[in-house]
Amino acid sequence: MHDILNDTIASAPLWAIVVTGVATLLVHAWDEKSDKPVFWIALAGIGVSAVLTIWRAPVAGTAYSGMLKTGGAASAWTLLFLVATLLTLFIAWDSLGKAAAPRGEFTILVLFAVAGMIPFSAGNDLLAVFIGLEILSVSLYTLVGLTRRRFASNEAALKYFLLGAFAGGFFLYGIAFLYGAAQTTNIEDIARRFAQSNFPVLFLTGSALLLVGLAFKTGAVPFHMWVPDVYQGAPTAVTTFLITGGKAAAFGAFVTVFTMTLGHASARFAVVIGVLALCSMVFGNIAAIPQTDIKRMLAYSSIGHAGYMLIGVQTASVEGAGGVAFYLLSYILTSTGAFGVVAAMENEQGEGTRIEDFAGLGYTKPLLGALLSLFLFSLIGIPPFSGFFAKYYIFLTAIEHGDLWLVLIGVATSVVSLYFYLRVMVVMFFRQPGENQPVPEAGAWTMIAVVLSAAGVIALGLFPGTVLDLITSVF
Amino acid sequence: MPEEYIPIVLILLCALAFGMVAVWLSRILGPRRDYPEKLTTYESGVEPVRTAHERFSVKYYMVAVLFILFDIEVVFIYPWAVRYRALGWYGLIEMVVFIGILLAGYIYILKKEALKWD
């Protein structure tokens, strides 16, 4: 009895989300039109979970017979997911309402996705990680196909499902190999077992397969095929969730498995992860140049950003892990802001995301135009905003680790990214709006999300050291 | 190591040979008296009149998904039943939570009328 109580208290943030998810499910089952109560219950649940996460943060440990990491680094990841979810829900309320998409189901599925993200990023046992991955993935597949009557949404859902299931297979196969090598699925035990540097082939094969599964989820080249189609085809609110929460969960798991736990062994994979980072940075930033749709452009640029974060992962150090978490926080705030503006630009059919559609936005809607510019500047990495420090810390860690080649490529590709981000600004401020071009109306919740994100981006840019120290202290 | 598998290979070959010989023998030894009724798809019953490539109701899909869901629930209950005493209260409470979550899903299904046939 005593164990149950301890485990439940230790994993209280997860339980808060699970209970909220089930509660919203039941509320929605009783009343089809209960979007509003479901939304408020979800907000309350996320708030409670955040408070519990902060409360448990100083007590790092494990729960459920060492299946789940709790407190410490796990708290940092959980908070990232909760921030991403909260901002996404705000945007979704207006954006899905406009598209007449089911907001209640969206909220429920998002909560279940978070319930998957937490064990995915904080699993101390490969099976817990895998179950988290599956709960997260199944929720995301459904979310991508949320607008059932839209062709692009269906196509995206099917593509994501088929490729995701395939990648999940790689991950599970990797677990099987590691179990064969170590006779356990507990990550810490596996790491202890292979503390010397002679790794058996089984262990290396298993780790490589795990790497494929995780690289797929992060959308790193060459496992990026699904990213542009899925991010473009999914409803904008869902894309926001994929690019913020989905990416954070994938990197959380990547860092937990490869950096924090298999630390010694992952040095063997540093070069492999470094090459993935290099390919992602080069491909993502170059492929974003010819795009005409802003969702697709941001999708390609997200591949590039995955590359920058992988530089932090491959250092396999605490500083690297802290840098990745800081980058994710900055990226979550910036992306939600940018996608909030995109969601406001969309019409009922999900059209209006071409870059031409933004012509003259700087004059017709000065606030939206200015905010989008701020987010794009942060994505490029211009100094007063958080994006600069995110890249700076990652590059700094990599230089101290002796990976100058990656940093040089990273800086070069950042310069390339100037072109396609600035082009949006040129269209916004130096082009006349077309005839009959509708003037977008941003809903109140969207504005709250966008302004909060902007405040976060500026605050992180002003006090980066404080936040980074706070994040690094829990790893 | 490989020689241990020789008996298995032999069994496989025997089975294959026996099956082929049996089919072949019945073909040449058996009497064949064909007449039109015998060559139809069914000697008795309803005449097949439509194409076999027919669309069938998507409702089957719903039932199939729900069946798999609750079928797997039972798969999880079996190992718990085997270790019931060893797992004690901890196992019991975990199982109640697990079934409770599934029950919430079941109520959702009922309320959304996913099990209503039309």
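Quick look at the structure, then. (Residues numbered from 1 in each chain as written. Chains lettered and ligands numbered in written order. Predicted model: local features only at pLDDT ≥ 70, side-chain atom pairs only at ≥ 80, totals over all residues.)

**What to know about the overall build of chain A**
Then, number 1: Scanning chain A for helices and strands turns up 21 helices and 2 strands.
Then, number 2: Along the first, second and third principal axes, the C-alpha atoms of chain A reach 70 × 55 × 40 Å.
Then, number 3: Evaluated residue by residue, chain A yields a buried proportion of 61% over its 475 residues.
Then, number 4: Sequence-distant contacts, at least 24 apart, represent 78% of the contacts inside chain A between residues at least 6 apart. (Helix = DSSP H or I, 4+ residues; strand = E, 2+ residues; numbered from the N terminus. Buried ≥ 20, exposed ≤ 12 C-beta atoms within 10 Å, placed from the backbone. Contact = placed C-beta atoms within 7 Å.)

**Brief notes about the nonpolar core**
Then, number 1: By size, the foremost hydrophobic cluster in this structure holds 175 residues, and its most contacted members are Leu80(A), Phe81(A), Val144(A) and Leu328(A).
Then, number 2: Contact partners of Val144(A), with chain neighbours within four places excluded, come to Ser153(A), Ala156(A), Ala157(A), Tyr160(A), Val230(A), Ala234(A) and Val238(A). (Core = buried A, V, L, I, M, F, W, Y, C linked by C-beta atoms within 7 Å.)

**Re the interface of chain A and chain B**
Then, number 1: Listed per partner, the contact involves 8 residues of chain A and 9 residues of chain B.
Then, number 2: For the side of chain A that touches chain B, the secondary-structure elements that each account for two or more residues are α1 (2-10) and α2 (12-30) of chain A.
Then, number 3: Per-element tally for the side of chain A that touches chain B: the top contributor is α2(A), with 5 residues.
Then, number 4: Residue composition of the side of chain A that touches chain B, grouped by class: 7 nonpolar, no polar and 1 charged. (Nonpolar A, V, L, I, M, F, W, Y, C, P; charged D, E, K, R; others polar.)

**With respect to the environment of Val457(A)**
Residues and elements named next belong to chain A.
Then, number 1: Along the chain, Val-457 turns up in helix α20 (residues 444-462).
Then, number 2: For Val-457, a count of 26 C-beta atoms within 10 Å gives the class buried.
Then, number 3: Along the sequence, Val-457 and Phe-430 sit 27 residues apart, while their C-alpha atoms lie 25 Å from each other.
Then, number 4: Once you skip the residues sitting within four places of it in the chain, Val-457 turns out to touch Leu-333, Thr-334, Gly-337, Leu-374, Phe-375, Ser-378, Phe-385 and Ser-386.

**As for the packing of helix α4 (residues 73-98) of chain A against helix α15 (residues 318-345) of chain A**
Residues and elements named next belong to chain A.
Then, number 1: Orientation of α4 relative to α15, taken along the N-to-C sense of each, is 0 degrees, at an axis distance of 10 Å. The orientation of α4 relative to α15 falls into the category roughly parallel. Judged by residue contacts, Ala-76, Leu-80, Val-83, Ala-84, Leu-87, Thr-88, Ile-91, Asp-94 and Ser-95 of α4 engage Ala-325, Leu-328, Leu-329, Ile-332, Thr-336, Phe-339, Gly-340 and Ala-343 from α15.
Then, number 2: Taken together, the residues of the contact of α4 with α15 sort by class into 12 nonpolar, 4 polar and 1 charged. (Axes fitted to C-alpha atoms, helices over the stretch in contact; angles between N-to-C directions. Parallel < 35°, antiparallel > 145°, perpendicular 65-115°, else oblique.)

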